[in-house]
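Okay, here's what each chain looks like letter by letter:
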Amino acid sequence: MKVYNTMTREKEDLKVVNNKLKLFVCGPTVYDYSHIGHARTYISFDVIVRYLKHKGISVFYLQNITDIDDKIINRAKENGEDPLELSHRFEKEYLDDMALLNVNNVNFYARATEHMDEIIGQIQNLIEKGYAYDTETGVYFDVSKFEDFGKLSNRNLDDLQNTRIEVDTTKKDPKDFALWKKQDEEPYWDSPWGKGRPGWHIEDTAITESYFGPQYNIHGGGLDLIFPHHDAEIAQMEAASGKEPLVEYWMHTGFLNVRGEKMSKSLGNFITIKELLKEYSPEVYRFFVLSTHYRSPIDFSDDILNQAENSLKRIQNTGKNVLEKLNEETLPEEDESDIASELSSFKKEFFEAMDNDFNTPIALSSLFDFTHKINKSLNDNEISEKTLISIVETFKNIEDILGFSIIVSDDSGSDLSNELLDIITDVRQDLRAKKDWDLADKIRDNLADLDISLEDK
Ligand code: AMP
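Reading guide: rules and limits
- Residues numbered from 1 in each chain as written.
- Predicted model: local features only at pLDDT ≥ 70, side-chain atom pairs only at ≥ 80, totals over all residues.
- Heavy atoms only, no water.
- Patch = residues over 30% accessible without salt bridge, like charges linked within 9 Å, V, L, I, M, F, W, Y side chains within 5 Å.
- Areas by Shrake-Rupley, 256 points an atom, 1.4 Å probe, with all protein chains shown as cover.
- Salt bridge = Lys/Arg side-chain N within 4 Å of Asp/Glu carboxyl O.
- Lys, Arg positive; Asp, Glu negative; His and termini not counted.
- Charge placed at Lys NZ, Arg CZ, Asp CG, Glu CD.
- Helix = DSSP H or I, 4+ residues; strand = E, 2+ residues; numbered from the N terminus.
- Axes fitted to C-alpha atoms, helices over the stretch in contact; angles between N-to-C directions.
- Left-handed = near helix turned anticlockwise from the far one by under 90°.
- Contact = heavy atoms within 4.5 Å.
- Nonpolar A, V, L, I, M, F, W, Y, C, P; charged D, E, K, R; others polar.
- Near = heavy atom within 4 Å.
- Polar contact = N/O pair within 3.5 Å; in protein donor to acceptor, adjacent residues only side chain to side chain.
- Domains from an automatic or database assignment.
- Pairing = 2+ DSSP bridges.
- Expected span 1.5 Å × (residues − 1).
- Buried < 20%, exposed > 50% of the residue type's maximum accessible area, 1.4 Å probe, protein only.
- Core = buried A, V, L, I, M, F, W, Y, C linked by side-chain atoms within 4.5 Å.
- Arc of directions from axis to C-beta.
- Phe/Tyr/Trp six-rings, centres within 6.5 Å; stacked < 30°, edge-to-face > 60°.
- Lys NZ or Arg CZ within 6 Å of the ring centre and 35° of its normal.

1. Remarks on a negative patch on the surface
Consideration 1: On the surface, Glu419, Asp422, Asp426 and Asp430 cluster together into a patch of negative charge.
Consideration 2: Structurally, Asp422 can be placed in helix α14 (residues 415-433).

Below, the structure is given as structure tokens:
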């Protein structure tokens, strides 16, 4: 299969040794609720991993959590809250959001603050090798020592000057970036250079080195991270280990935009995942994200989300009709249409698209076309039981890859969920009998959030 590599700007054959891949994707800086732009990136990588696993590859998917950073400290000051309490509160919100979106393939989340020894060790190594130096304000990476700086972004050192690097007269060159920031104010960690905390770039290479070693297979993140973050990671790790390349493949997701501008917290044009999920189901958002290739920009609008909702409904209706048909007794012994060969062509198209740099929009449009063909053959009762079962199996496989359901049965819930609902409604009846309207209303409202409506009769 082919994967686009940002380093070479080409689609390359994905080489897999011993059927194993190590993947690292930059995780969030947890100082606020995550927005749907973040979700776009993490849903994309979730599907990439699901597909690799479907191909039988064992993927170890690692993500860091930036739980200490300027933004966290500033927000904590505004709130009068402890910075680590704040970041761990929003980390939990992030993990809850990911679970709701069915993003569930990360094997390990590594907090920066739990890897201080590794971070300090890597900085020490860089100082010993002459790539970093200590000043009154911090320890800095000396960019002039790393000849290839900028090889991922193809940008040169002068561009670094225009990025958000702190002005600091103790640095040899304004472009040098911080590995360790000295500070006496909490939260700080002890280090050979005094109290302080790590710079942003070093946490990732310290974390990946400790789990994967100095070299691994795939590194991912959003497009905005290529420069200077990923270029800085390359410089740090290749300088520290003397080995290159840091990774074989660099994969980057396009932005989720609003009226042509990147959705971001700093621009204030964001919608949180929680807000979105009040209006749309997680499955609709996944479908919406996957309708565009992971490297292309998506322009967010309610219209496009509504279209996604309708398309998904039509696909799920077909899934439901296939299941219902299977329960009928009057199925033909043999297919009376060419639906079996349509199924083979659809599978070929779908998997070829996914093999071609995870081309989900092509894969989805072939799924959509195939459901039209099924609908017609179902109406005319032309599909045998054997073919219906093959269709269900294929749909189940695709559900696992894309992470939304196609086969939705009409059953209103399992026995257990019905029994639980009975218990909840009984308790609510008791509350109403005791005139505890507040609590009774709260239960009704919470159930409404789950699309369960209660009517008092
Ligand atoms: P941050 O918490 O800002 O470091 O972002 C976490 C991840 O989400 C990074 O990989 C970003 O590139 C990605 N990201 C942030 N905003 C967007 C957006 N509008 N569209 C797509 N990805 C985004």
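2. Regarding the packing of helix α10 (residues 302-326) against helix α13 (residues 385-402)
Consideration 1: Look at α10 against α13: their axes get within 10 Å of each other, and the N-to-C directions meet at 145°. When the axes of α10 and α13 are compared, the crossing they make is left-handed. Residues Gly319, Val322, Leu323, Lys325 and Leu326 of α10 touch α13, and the partners they reach there are Glu385, Leu388, Ile389, Ile391, Val392 and Phe395.
Consideration 2: Taken together, the residues that form the contact of α10 with α13 break down as eight nonpolar, one polar and two charged.

3. Some thoughts on the site of the ligand
Consideration 1: Of all residues adjacent to the ligand, which total 16 residues, the nearest are Thr29, Thr41, Asp224, Leu256 and Met263.
Consideration 2: Gly37 is positioned with one of its backbone polar atoms (N or O) 3.2 Å from a nitrogen atom of the ligand.
Consideration 3: At 2.7 Å from a nitrogen atom of the ligand is found a side-chain nitrogen or oxygen belonging to Thr41.
Consideration 4: Elements supplying a minimum of two residues to the shell around the ligand: α1 (36-54) and β10 (216-222).
Consideration 5: Counting residues per element, the shell around the ligand draws most heavily on α1, which supplies four residues.
Consideration 6: Partitioned by chemical class, the residues of the shell around the ligand number six nonpolar, eight polar and two charged.

4. A short note on the domain arrangement of the protein
Consideration 1: Taken domain by domain, the protein holds domain 1 (2-253), domain 2 (273-402) and domain 3 (418-449).
Consideration 2: A separation of 47 Å is found between the C-alpha centroids of domain 1 and domain 3.

5. Focus: the sheet that holds strand β13 (residues 261-262)
Consideration 1: Within the open sheet, the three strands sit side by side as β13-β12-β14. Their pairing is mixed. Each edge of the open sheet is held by one strand with a lone partner, namely β13 and β14 (298-299).
Consideration 2: For strand β12 (residues 256-258) and β13, the ladder comprises two bridges, and the chain directions are antiparallel. Bridge pairing links Asn257 to Lys262 in β13.

6. Digging into the sheet that holds strand β3 (residues 20-25)
Consideration 1: With parallel pairing, five strands are arranged side by side in an open sheet as β5-β4-β3-β10-β11. Bordering the open sheet on either side are β5 (108-111) and β11 (247-253), each of which pairs with just one other strand. The average angle at which neighbouring strand axes cross in this sheet is 25°, direction not considered.
Consideration 2: Relative to β11, β10 is paired through six bridges, and the arrangement is parallel.

7. Observations concerning helix α12 (residues 360-379)
Consideration 1: With 20 residues, α12 ought to run about 28 Å at 1.5 Å a step, and its terminal C-alpha atoms sit 29 Å apart, in line with that.
Consideration 2: Restricting attention to buried positions, one finds in α12 the residues Thr360, Ala363, Leu364, Ser366, Leu367, Phe368, Phe370, Thr371, Ile374, Ser377 and Leu378.

8. Comments concerning the nonpolar core
Consideration 1: Core analysis: the biggest nonpolar cluster contains 80 residues, and Tyr285, Phe288, Phe350, Ile374 and Leu402 have the highest contact counts within it.
Consideration 2: The element that contributes the greatest number of residues to this core is α1, accounting for ten residues.
Consideration 3: Two domains share this core, each providing at least three of its residues, namely domain 1 (2-253) and domain 2 (273-402).
Consideration 4: Formed by 41 residues, the second largest nonpolar core is a distinct cluster that contains Leu126, Phe141, Val143 and Leu152.

9. Focus on a nonpolar patch on the surface
Consideration 1: On the surface, a cluster of nonpolar side chains totalling about 260 Å² of accessible area is made up of Phe60, Phe108 and Tyr211.
Consideration 2: Tracing the backbone shows Phe60 in strand β4 (residues 58-65).

10. Things to note about helix α3 (residues 83-100)
Consideration 1: Between its terminal C-alpha atoms α3 stretches 26 Å, which fits the 26 Å expected from 18 residues at 1.5 Å a residue.
Consideration 2: Those residues of α3 lying buried are Pro83, Leu86, Ser87, Phe90, Glu91, Tyr94, Asp97 and Met98. The buried residues of α3 all sit within an arc of 135° when viewed along its axis, so they share a single face. Those residues of α3 that are exposed and aimed more than 90 degrees away from the buried face are Glu85 and Ala99.
Consideration 3: Contacts made by the buried residues of α3 are with α1, β4, α2 (70-79), β5 and α8 (273-279).
Consideration 4: With a side-chain oxygen positioned 3.2 Å from the backbone nitrogen of Leu84, the residue opening α3 is Asp82.

11. Observations concerning the packing of aromatic side chains
Consideration 1: Applying the stated rule across the entire model yields 21 aromatic pairs.
Consideration 2: Between Tyr51 and Phe351, the aromatic rings sit 6.4 Å apart at their centres with planes inclined by 20°, giving stacked as the arrangement. Taken together, the residues span a long stretch of sequence, with Tyr51 in helix α1 and Phe351 in helix α11 (residues 339-355) at a distance of 300 residues. For the residue pair Tyr51 and Phe351, the accessibility class agrees, reading buried in each case.
Consideration 3: The interplanar angle of 70° and the centroid separation of 6.3 Å between the aromatic rings of Tyr294 and Phe358 together place this pair among those described as edge-to-face. You can see Tyr294 sitting in the loop between α9 (282-290) and β14 and its partner Phe358 sitting in the loop between α11 and α12, a full 64 residues away along the chain.
Consideration 4: For Phe358, a relative accessible area of 3% corresponds to the buried category.
Consideration 5: In this structure an aromatic cluster arises from ring pairing among Tyr51, Tyr294, Phe346, Phe350, Phe351, Phe358, Phe370 and Phe395.
Consideration 6: The ring of Phe255 carries Lys262 above its face, with NZ or CZ at 5.3 Å from the centroid.
Consideration 7: Positioned above the aromatic ring of Tyr4, the side-chain terminus of Arg295 is 3.9 Å from the ring centre.

12. A closer look at unusual backbone geometry
Consideration 1: Here the bond from Phe227 into Pro228 is cis, since omega is 0°, no more than 30 degrees from zero.
Consideration 2: Summarising the element assignment, Pro228 is placed in helix α7 (residues 226-241).
Consideration 3: Each neighbour pair has its own omega, and for Glu244 with Pro245 the value is 0°, a cis peptide bond.
Consideration 4: Tracing the chain through its elements places Pro245 in the loop between α7 and β11.

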